[in-house]
Amino acid sequence: STSRSLIKLKGRGIPFSHFLPSFLPSFLPSFLPSFLPSFLPSFLPSFLPSFLPSFLPSFLPSLLPSLLPFLPSFLPCLLLSFLPSFLPSFLPSFLPSFLPSFPPSLPPSLLPSFRPSFPPSLLPSFLPSFLPSFLPSFLPSFLPSFSFFLPSSFLSSPFFFFFFIFSQYQEGHISCTVLISHSTYFILEHHSSSPEPATQRRIDVPLLTPWLAPIVWDGTFDEDILNEQFQGRNITIGVTIFAIKKYVIFLKLFLETAEKHFMVGYKVNYYVFTDRPNDVPKIPLQEGRKIITLVVQNYSRWQDISMHRMEMISNYCHQLFFKDVDYLVCLDVDMKFNDHVGVEMLSDLVGTLHPGFYGASRETFTYERRPKSQAYIPRGKGDYYYMGGFFGGKVQQVYKLTKACHEAMLIDKSNRIEAVWHDESHLNKYLFLHKPTKVLPPEYMWDKQLLGWPAFLRKMRMLAVPKNHAKIRNK
Ligand SMILES: CC(=O)N[C@H]1[C@@H](OP(=O)(O)OP(=O)(O)OC[C@H]2O[C@@H](n3ccc(=O)[nH]c3=O)[C@H](O)[C@@H]2O)O[C@H](CO)[C@H](O)[C@@H]1O
Ligand SMILES: [Mn+2]
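The rules behind the values
- Starting afresh in each chain, residues are numbered from 1 along the sequence in its written order.
- Chains carry letters from A onward and ligands carry numbers from 1 onward, assigned in written order.
- Per-residue local features are limited, in this predicted model, to residues with pLDDT of at least 70; the limit for side-chain atom pairs, both in listing and counting, is 80 or more; totals at the level of whole chains, interfaces and linings are taken over all residues.
- Side-chain numbers come from the whole structure's heavy atoms, not from hydrogens or water.
- UniProt positions are given in the numbering used here, feature names are shortened, and annotations may be inferred rather than shown by experiment.
- Each helix is a run of H or I in the DSSP string that is no shorter than four residues. Each strand is a run of E no shorter than two, and both are numbered from the N terminus.
- Given a helix with a known number of residues, its expected span is that number minus one, times 1.5 Å.
- Using a 1.4 Å probe on the protein chains alone, a residue whose accessible area is under 20% of its type maximum counts as buried, one over 50% counts as exposed, and one in between counts as partly exposed.
- Contacts are assigned to residue pairs with any non-hydrogen atoms lying within 4.5 Å of each other.
- For Na, K and Ca the donor cut-off is 3.2 Å, and for all other metals it is 2.8 Å, counting N, O and S atoms only; because water is absent from this set, sites may look incomplete.
- Only a single heavy atom is needed: when it lies within 4 Å of a molecule or strand, its residue is near that molecule or strand.
- We define a polar contact as two N or O atoms separated by no more than 3.5 Å, with the added condition that, inside protein, one atom must be a possible hydrogen donor and the other a possible acceptor, whereas residues neighbouring each other in sequence contribute only through side-chain atom pairs.
- Every definition here rests on a 1 Å grid over the protein atoms only: cavities are sets of points where a 1.4 Å probe fits but cannot get out, pockets are open sets enclosed by protein on both sides within 12 Å along at least five of seven lines, and lining residues have some atom within 4 Å of a point.
- What decides whether a molecule sits in a cavity or pocket is whether more than half of its atoms lie within 2 Å of the grid points.
- Residue polarity is assigned by list, with Asp, Glu, Lys and Arg as charged and Ala, Val, Leu, Ile, Met, Phe, Trp, Tyr, Cys and Pro as nonpolar; anything else, Gly included, falls into the polar class.
- Only strands that DSSP links by at least two bridges are regarded as paired with each other.
- Fitted lines through C-alpha atoms serve as axes, helices being fitted only where they are in contact, and the angles separating the N-to-C directions of these axes extend from 0 to 180 degrees.
- Here a pair means two rings of Phe, Tyr or Trp (six-membered ring of Trp) with centres within 6.5 Å. Their orientation is stacked below 30 degrees between planes, edge-to-face above 60, and tilted elsewhere.
- Per-residue confidence from the predictor is given as pLDDT, running between 0 and 100.
- Throughout, a disulfide means two cysteine sulfur atoms within 2.5 Å of one another.

- Per UniProt, the protein carries the Subcellular location (unreviewed entry) text "Membrane".
- As its UniProt record puts it under Sequence similarities (unreviewed entry), the protein is described as follows: "Belongs to the glycosyltransferase 6 family."

This is the structure we're talking about:
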């Protein structure tokens with residue numbers, strides 16, 4: 001909204017004392033001799049009748065263009081202020097001697113008096129304009145004689161302009177044209193645009209997939225806006241984690257850190273699939289969040305445990321998830337939350353880039369390469385290498401995914417083949433055929449021990465919890 005009005009903000013401008021230290025030593029000796037003789041005689045005897053004709057021709061051409069838009073609103077003030085008249089006669093003689101000493105001394109003396117309404121960002125536009133330069137030199141010598149002509153109350157009134165300057169002032173999403181005088185300032189035009197998005201453009205990482213799904217890097221989204229969008233929707237987010245056999249030891253850290261970082265402020269159902277329900281820790285949960293323990297069978301091979309997650313998730317869609325949650329996030333349990341994971345990650349179908357293959361060439365992806373497997377992806381094909389331990393989406397989509405992967409694994413089994421990376425291979429095949437609508441960068445699952453901390457990684461939202469494979473798998 002743009003309003004053009006003369007809004008008086010503050011009846012106080014730059015205190016005179018701020019100028020004094022910077023100008024007195026340098027200018028007075030030089031300016032007085034040149035200025036006074038030429039100016040005083042014509043000025044003093046009769047002020048108004050004589051000055052207007054002489055100053056206008058020299059003064060207006062330079063100032064008018066910038067002045068014109070605002071003229072109607074402040075013409076009265078302008079007319080009342082006589083000072084512009086002396087400028088033409090004053091400046092040519094004065095400026096050369098004065099300018100060299102000016103810029104270094106101005107900012108320190110100006111800044112304190114401008115705060116907080118005129119932050120330093122204003123100064124660059126302020127300085128180039130010549131007006132402030134003459135003031136400090138002019139006023140002290142002039143004021144005593146001048147004050148004869150005007151009542152002192154008027155001198156200090158905001159409508160009396162010893163000097164004035166137009167400037168563009170911009171801070172945040174507010175921009176305005178200001179008229180600054182010695183005693184006050186006015187905002188002539190105030191423009192408030194919609195706020196800048198609180199995001200920067202990341203140039204160090206890809207932000208979109210070739211099918212235009214966002215890759216949700218830190219800095220590319222505004223949590224507040226997203227929360228506004230989601231909070232009205234009253235959603236429940238389901239998390240599936242499998243803690244079978246020894247893996248129950250990961251539950252405590254997982255759940256505790258999830259309460260700190262995962263979907264804070266939203267309703268969350270943690271679905272803990274386990275064969276050891278008594279080992280599910282009792283963790284204090286925030287309001288609206290609960291742990292639902294689902295007792296399931298175990299398998300002797302860890303690969304079977306991992307793979308059968310697809311079957312169990314798809315089964316429980318009908319029993320529970322369709323009814324109780326809107327989104328499902330399917331995670332490995334040997335991880336911990338380390339930073340915000342929120343609604344920015346939600347979408348119809350979500351895959352996560354495997355940290356070990358981020359930036360690697362397609363040829364190195366460990367897709368299943370044997371055509372006999374349902375997970376087969378030919379060389380030269382494939383988009384990304386997704387991780388098996390972090391995917392999700394709307395329940396309907398997760399149902400389709402897990403069901404398809406489970407069925408593919410059943411076919412593989414009947415063909416006596418097991419994909420090289422088990423469920424992860426099938427997930428990669430599915431997400432190759434059904435492109436995710438959102439892709440999570442490796443921020444969402446990182447392994448600090450293995451991969452260090454590269455510059456593109458501004459946040460580590462989840463981290464792998466180191467585990468001793470020999471001690472924990474198949475136990
Ligand atoms: C981070 C990541 O991408 N992990 C994937 C990766 O292996 P990982 O090495 O991360 O596999 P893992 O040992 O974490 O097993 C996968 C998950 O199965 C569960 N589990 C496993 C064994 C067990 O005895 N009890 C138990 O509950 C548990 O939830 C575990 O997190 O490859 C696996 C298939 O090879 C899966 O695709 C994993 O999702
Ligand atoms: Mn894991």
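### Quick notes on helix H12 (residues 395-414)
Thinking step 1. For H12, which comprises 20 residues, the first-to-last C-alpha distance of 28 Å matches the rise-based estimate of 28 Å (1.5 Å per residue) to within 8%.
Thinking step 2. Within H12, burial applies to Val395, Val398, Tyr399, Leu401, Thr402, Cys405, His406, Ala408, Met409 and Asp412.
Thinking step 3. On its buried side, H12 packs onto helix H11 (302-324), strand E8 (327-331), strand E10 (349-353), strand E11 (386-394) and helix H13 (422-433).
Thinking step 4. Immediately beyond the C-terminal end of H12, within one or two residues, lies Arg416, with a positive phi of roughly 55 degrees.

### Regarding the coordination of the manganese ion (ligand 2)
Thinking step 1. Within the first shell, the manganese ion (ligand 2) binds the protein through Asp332 (OD), Asp334 (OD) and Asp334 (OD), at distances of 2.1 to 2.4 Å.
Thinking step 2. Here Asp334 falls in the buried class, since its relative accessible area comes to 9%.

### Notes on the site of ligand 1
Thinking step 1. The full set close to ligand 1 counts 20 residues, and Phe242, Tyr247, His422, Asp423 and Arg473 are the nearest of them.
Thinking step 2. Tyr247 places a polar side-chain atom, nitrogen or oxygen, 2.5 Å from an oxygen atom of ligand 1.
Thinking step 3. Here ligand 1 is seated within the largest pocket.
Thinking step 4. Elements supplying a minimum of two residues to the shell around ligand 1: strand E5 (236-243), H11, E11 and H13.
Thinking step 5. Here the shell around ligand 1 takes four residues from H11, the largest share from any one element.
Thinking step 6. A per-class count over the shell around ligand 1 returns nine nonpolar, four polar and seven charged.

### Considerations on the sheet that holds strand E12 (residues 438-440)
Across a sheet, strands are paired by hydrogen bonds formed along the backbone, either parallel or antiparallel in direction.
Thinking step 1. Strands sit in the order E7-E6-E5-E8-E11-E10-E12 across an open sheet of seven strands; the sheet is mixed. A single partner strand is all that each edge strand has here, and the edge strands are strand E7 (289-295) and E12. Pairs of neighbouring strands in the sheet enclose a mean axial angle of 20 degrees, with direction left out of account.
Thinking step 2. Relative to E11, E8 is paired through five bridges, and the arrangement is antiparallel. Bridge pairing links Leu331 to Phe390 in E11.

### Details of the environment of Ile203
Thinking step 1. Note that Ile203 resides in the loop between strand E4 (185-192) and helix H9 (223-231).
Thinking step 2. Classification of Ile203 as exposed rests on a relative accessible area of 78%.
Thinking step 3. For the pair Ile203 and Phe456, spaced 253 residues apart in sequence, the C-alpha to C-alpha distance is 9.7 Å.

### Some remarks on the packing of aromatic side chains
Thinking step 1. Using the criterion set out here, one finds 21 aromatic pairs in the structure.
Thinking step 2. Ring centres of Trp211 and Tyr384 lie 6.0 Å apart, and the angle between their planes is 65 degrees; on these two criteria the pair is classed as edge-to-face. Highlighted residues: Trp211 in the loop between E4 and H9 and Tyr384 in the loop between E10 and E11, separated in sequence by 173 residues.
Thinking step 3. Taking relative accessible area as the criterion, Tyr384 reaches 16% and is therefore assigned buried.
Thinking step 4. Consider the rings of Phe273 and Tyr316, whose centres lie 5.3 Å apart with planes at 85 degrees: the pair is edge-to-face. Of the two residues, Phe273 is situated in strand E6 (residues 267-274) and Tyr316 in helix H11; the sequence distance between them amounts to 43 residues.

### A look at unusual backbone geometry
Thinking step 1. Here the phi dihedral of Leu212 falls at roughly 65 degrees; this positive angle occurs in a residue that is not glycine.
Thinking step 2. Within the element layout of this structure, Leu212 appears in the loop between E4 and H9.
Thinking step 3. Residues other than glycine seldom take positive phi values, yet Arg416 does so here, at roughly 55 degrees.
Thinking step 4. Residue placement: Arg416 occurs in the loop between H12 and H13.

### Considerations on the confidence of the model for the protein
Detailed conclusions should not be drawn from predicted coordinates in areas where pLDDT is low.
Thinking step 1. Per-residue confidence for the protein gives a mean pLDDT of 77, with 58% of residues at or over 70.
Thinking step 2. Every residue in residues 100-131 is under pLDDT 50, and counting partners more than four places away or in other chains gives 53 contacts.
Thinking step 3. Counting interchain partners and residues more than four positions distant, the pLDDT-below-50 stretch residues 145-153 has 10 contacts.

### Digging into the environment of Phe221
Thinking step 1. Within the secondary structure, Phe221 is located in the loop between E4 and H9.
Thinking step 2. Once the C-alpha coordinates of Phe221 and Glu344 are considered, the two residues, 123 residues apart in sequence, prove to be 7.3 Å apart.

### Side note on the state of the cysteines
Thinking step 1. The final tally for this structure, using the stated rule, is zero disulfides.
Thinking step 2. With no disulfide partner, Cys317 has as its closest neighbouring cysteine sulfur the one in Cys330, 8.0 Å distant.

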